[in-house]
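# Structure assessment
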Amino acid sequence: MNGAFVISQSDKRPMYLQIMEQIKQRIAVGDWTEGQSIPSIRQLAVDLEVSVITVKRAYLELEREGIIVTQQGKGSHVASKPGLGARLQEQELEQHLEQATRLAALMGIRPEELENRLREAGDRITEKETI
Amino acid sequence: MRESVVGQLVWKDWRLQRPQIVIVLAWGAAALTIVRWGHQNTLVVGGVLFFIPLILLAHILPLAGVGNERKNQNLAFLMSLPISSIQYTSSKLISSLLIFLVPWLTLVSAAVVLVETRGVVPRGVIPSMLILAMMPVLGFCLILCAVLVGETEGWGIAANVFCSSTYGLAWFFMTQLPGLMGPAQGPVPVWNSTALTILGSEVSAAVLLLGLTYFLQSRKRDFV
Amino acid sequence: MSDLAIDLSGVRKKYKFFALDNIDLKIPEGQIMGLIGPNGAGKSTTIRIILGLVHQDAGEVRVLGHRMPAEQVAAKWEIGFASEDMRLYESMTLGWHMGFIQRIYPNWDAAYAQLLLKRFGLRAEQKIKGLSHGQRVKATLLLVLARKPKLLVLDEPTTGLDPVARHEILRELTAVMAEEGRSILFSSHNTHDVEQISDQITFIDRGRIIDSMDKELYLDRWRRLRLEVPHGVELPALPGIVGVQQDGRLAIATANAYFPGLANAYETSGARVQRIESMTLEEIFVANVQYSREEVEA
């Protein structure tokens, strides 16, 4: 179940952030649905071969963001909020867009040109998919 | 629970030293056979050959059994087991003594039986023979002490060299004693005061050395 | 408050050319503590004191509630110790060693031992002298793991191992945490392994403990700030900054107690903060040793 969880060594971000991101992704794509129970902190730590404290931190942060819920003695589960998956997908898109904007600004690319580039990228993807 | 761990350690030493013990016994048996079936000439050869395994036992065993254990870094493995350093020392003393005394007793008894029953050598020789056989025992105790307490290979080797050099001297000194040499050619073993005193001192010295070893080991604060 | 697996207070030990000075170390039960430090820092000595193999000159040592070294026998029933300089008996087989340990320890798990043999790629019939270095390390660890001890004390468990072997061992070490109440203390030069599996990190250098804390908090405290310093601007000395390296208009400030106000303070002084980077444990290790030694020598 946790086979696709991987902590990347070349990813310079802290491990707990990577774990949080991968959990959010699972919820976003619908692999983990609202209300579904998720591995306990200890179990995930063992599966990922990381320290318990790192997983604990990831879970705490996710709980603070209202994405999961941990109950004493009952383990953890995805928050039962309808549309949570879609909302997380939205968040991810926003993050990517902000990143692109920041990068473009650094490179001196104006917003209008960025719009064009976005359209071109969309065309390229459609082309690839039709081949 | 404690006893069984020390017991396991003793068994472990026996198991590890098995090949050496077999060789020593085989050599001793061969030497005794030469004495048994030979004539005047081969007697001396047989006699000398007989003592070699006893000396080997005394000198090699402690170095191999104890010295190597520290040198080969097996000690950390052993001390990770639920034993104290004193228990380690006890197990080493017990196993070394057993591994030494069992073959030693076998060979010495066989030699005594040979002399008693076969008449190849005058029976008066027995006290001197026992005194001579006790010397490797003393050497063994000294080397064991050096290797356990001294910890480095150097101490064991030094004790080894010391013993090897003094055997000849000690024997020469003893041949000067009329109390020993006189009766030696006779048909009956004579247990006079000379023989008994020497034998008694040898045994006491051995026991003292072992006690000293135990005492010195128990005072150590850094074991590994 | 949970029980402490290991509790060292004010421990001192003096050798001819080296001394452990005032070591305080507390490891709660159920955690993994990584001990890092340069060679000769005192890691092995500290570990041997914990095992009761070396008698401290001063201070209290309690392991799983037992006073050390007085109660070392009782403690060692529940401790599994493996060290880099430990050797098994060359002329005997791995299977012989397994039997030897099994006869001594009642909670030897034979099924788990067989599983480990398979996972580690070892065969019981092999003689120790025929094993490669990596296989020997795994063999020693197998003997310790199969006993399922309450506390594992490991001195350099992954040093000198190939990446696959290292991964096999990390897998078993983290698996220990599946059972509550079991703890691990391990020292390692492999900062990546320490960073990955430790709950707590202790940093030791020249006989002194420099840092000992929660790993996540520790990683959060260290930051590298890349600064652009215009001509004529002098960088202020700020609290929480352990050192600054400047080369012309570019500077790197290393913080060991980072808070966002630091970046603001630099900006206020006229410098521009290009980037704020988190640091790997390896980078923290090097910076820590470098700057703490400078401090002592100053």
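Residue indices begin from 1 for each chain and proceed along its sequence in written order. Just so you know, chain letters begin at A and ligand numbers begin at 1, following the order they were written in. Per-residue local features of the predicted model are confined to residues with pLDDT of at least 70, and side-chain atom pairs are confined, for both listing and counting, to 80 or more; whole-chain, interface and lining totals are unaffected and use all residues.

What follows covers the sheet that holds strand β11 (residues 223–228) of chain C. Residue and element names in this part refer to chain C. Reading across the sheet, the 4 strands line up as β12-β13-β11-β14 and stay open at both edges, with antiparallel pairing between neighbours. Strands at the two margins of the open sheet, each flanked by one partner only, are β12 (241–247) and β14 (272–278). Along the sheet, successive strands turn relative to each other by an average axial angle of 20°, direction set aside. What makes two strands pair is DSSP finding at least two bridges between them. Every helix listed is a DSSP run of H or I at least four residues long, and every strand listed is a run of E at least two residues long, numbered separately from the N terminus. Note: β11 against strand β13 (residues 250–255), 6 bridges, orientation antiparallel. Along β13, the bridge assignment pairs L225 with A253. Note on contacts: each residue gets a C-beta atom placed from the backbone, and two residues are in contact if those atoms are within 7 Å. Fitting a line to C-alpha atoms yields each axis, with helices limited to the stretch in contact; the angle taken between N-to-C directions then spans 0 to 180 degrees. Packing of helix α9 (residues 261–269) onto the sheet brings it into contact with β11, β12, β13 and β14, and relative to β14 it is tilted by some 160°.

So, on to the interface of chain C and chain B. Tallying the contact residues gives 18 residues for chain C and 19 residues for chain B. At the level of secondary structure, the elements contributing two or more residues to the side of chain C that touches chain B comprise α2 (72–76), β6 (79–83) and α3 (94–104) of chain C. For the side of chain C that touches chain B, the residue count by class is 10 nonpolar, 3 polar and 5 charged. The classification used treats Ala, Val, Leu, Ile, Met, Phe, Trp, Tyr, Cys and Pro as nonpolar, Asp, Glu, Lys and Arg as charged, and all other residues, Gly among them, as polar.

Attention shifts here to the packing of helix α5 (residues 126–150) of chain B against helix α8 (residues 193–218) of chain B. Residue and element names in this part refer to chain B. Direction vectors running N to C along α5 and α8 enclose 10°, while the axes themselves pass 9 Å from each other. One element, α5, and the other, α8, form an angle in the roughly parallel class. For the pair α5 and α8, the sense of crossing is left-handed. Contact residues: α5 offers P127, L130, I131, M134, V137, L138, C141, L142, L144, C145, L148 and V149, while α8 offers A195, I198, L199, E202, A205, A206, L209, L210, L212, T213, L216 and Q217. Split into classes, the residues belonging to the contact of α5 with α8 amount to 21 nonpolar, 2 polar and 1 charged. For classification, angles of less than 35 degrees are called roughly parallel, those exceeding 145 degrees roughly antiparallel, those between 65 and 115 degrees roughly perpendicular, and all remaining angles oblique. By the definition used in this description, the sense in which the near helix is turned from the far one sets the handedness, with an anticlockwise turn below a right angle giving left-handed and a clockwise turn giving right-handed.

All names here are of chain A. Residue ranges assigned to each domain were obtained from an automatic or database domain assignment. Taken domain by domain, chain A comprises domain 1 (15–78) and domain 2 (84–130). Each partner contributes residues to the interface: domain 1 has 6 residues there, and domain 2 has 5 residues. A per-class count over the side of domain 1 that touches domain 2 returns 3 nonpolar, 1 polar and 2 charged.

Another aspect to go through is the packing of helix α1 (residues 15–29) of chain A against helix α4 (residues 84–107) of chain A. Residue and element names in this part refer to chain A. Where α1 meets α4, the closest approach of the two axes is 7 Å, and the angle between their N-to-C directions is 120°. Put simply, α1 runs oblique to α4. Considering only the axes of α1 and α4, their crossing is left-handed. Contacts from K24, I27 and A28 of α1 reach α4 at L84, G85, L88, Q89 and E92. For the contact of α1 with α4, the class distribution of residues is 4 nonpolar, 2 polar and 2 charged.

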